[in-house]
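Chains, contacts and geometry: an overview
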Amino acid sequence: MTRLKTDDIMNIPATIQGYDQVLKAKTGLSLKEIALEAAGDLRSDTQIDRLKVAIIPVTTGQGVIDGFAKAVQSIASHLGFSAFVTEFPDVRGLAEAYNKNSDLIMIADDHCFVAINLRSRLVIDNTKATAAGYVVALKQMSGSLNDKTVLLIGAGQMGSFAAEGLLQYGARLIIYDSSKEAEALLTHKLTDSYDENKVSFGYNFERALNMSSLIFDASSGGGFIPGEFIQDKSIVAAPGIPMGLSWCAFSKVHSTLVHDPLQIGVATMLFQALSE
Ligand code: 2YJ
């Protein structure tokens, strides 16, 4: 799991409005609309602006990432929540969040990033929420996923969550991972619950890239997806940091690519944490 760096996230507060406009131009949905669709409907009487979200910095392990809590806060505020970063980190921050009567907390260490609804006790994991949000983004950019073939790159945790979401929208999957064992494991897990004709694996990378213009990049490898085999006008959802696309691949698809370091994941976490 990649650790975010300050450089990845420091511009989020200043650019969140513009980010959202670009997202809407690409997908037809705003950040809030993508997150709401990924979360399922909320109760109609939910008043987001009355919900207090505490973001608690955590110093354990590799410590605080400068700008992380502020970036998360800016995303929550942009969505309409009443969000604040606790004055203190760690246990004192947790106590502060409770003392200030927060409804939700968001907290991350080196391994895990969660939103916790302090009223309902619902715990939402960032990886799972991010996969769900990006599946909606890919579905939006492609019009529909029903019976379309999606190349899923990366058969790890993110890939596994994404695969389920893609299959639920009716997609056919080609699973690619640099480990053939990981491809087979994920495929067998999926075909326990889904139609086995909808999932295939075992292709070399060039062939897999040739077979589909819809790509879900669930890897966190960095620059290993070559430009020459990627189809023009490919539609790509790429939540991983660093992104798998090489510069050449990026330049081919940048207008039909959704990729961000935190926004879709955090937005989806917040709305999933409010679901029933
Ligand atoms: O509070 C802070 O500033 C830090 N403790 C934040 C740490 C953020 N954690 C990560 O970037 C980890 N790689 C976990 C991310 C989970 C992604 N699914």
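Up top is the structure these notes are about.
Here's what I pulled together on the structure shown here.

The rules we used
- Residues numbered from 1 in each chain as written.
- Predicted model: local features only at pLDDT ≥ 70, side-chain atom pairs only at ≥ 80, totals over all residues.
- Heavy atoms only, no water.
- Helix = DSSP H or I, 4+ residues; strand = E, 2+ residues; numbered from the N terminus.
- Expected span 1.5 Å × (residues − 1).
- Bend = angle between axes of the 7 residues up to and from the residue.
- Buried < 20%, exposed > 50% of the residue type's maximum accessible area, 1.4 Å probe, protein only.
- Contact = heavy atoms within 4.5 Å.
- Axes fitted to C-alpha atoms, helices over the stretch in contact; angles between N-to-C directions.
- Parallel < 35°, antiparallel > 145°, perpendicular 65-115°, else oblique.
- Left-handed = near helix turned anticlockwise from the far one by under 90°.
- Nonpolar A, V, L, I, M, F, W, Y, C, P; charged D, E, K, R; others polar.

1. Quick word on helix 2 (residues 12–27)
End to end, helix 2 covers just 19 Å across 16 residues, shorter than the expected 22 Å (1.5 Å per residue, more than 12% under). The sharpest bend along helix 2 reaches about 35° and sits at Gly 18. What helix 2 keeps buried is the set Ile 12, Ile 16, Tyr 19, Asp 20, Leu 23 and Thr 27. Tucked into the core, helix 2 has its buried residues touching helix 1 (6–9), helix 3 (31–39), helix 4 (68–79), helix 6 (126–142), strand 11 (257–258) and helix 11 (263–272). Phi for Gly 28, located one or two positions after helix 2, is positive at around 80°.

2. Some remarks on the environment of Ala 137
Mapped onto the secondary structure, Ala 137 falls in helix 6. Separated by 89 residues in sequence, Ala 137 and Pro 226 place their C-alpha atoms 23 Å apart. Those residues in contact with Ala 137 that lie beyond four places of it in its chain are Thr 27, Ile 34 and Val 258.

3. Comments concerning the packing of helix 7 (residues 157–168) against helix 8 (residues 180–193)
Their axes nearest at 11 Å, the elements helix 7 and helix 8 cross at an angle of 40°. When the axis of helix 7 is compared with that of helix 8, the two are oblique. Crossing of helix 7 against helix 8: the hand is right-handed. Two secondary-structure elements touch here, helix 7 through Gly 159, Ser 160, Ala 163, Glu 164 and Leu 167 and helix 8 through Leu 186, Lys 189 and Leu 190. Here the contact of helix 7 with helix 8 is built from residues that sort into 4 nonpolar, 2 polar and 2 charged.

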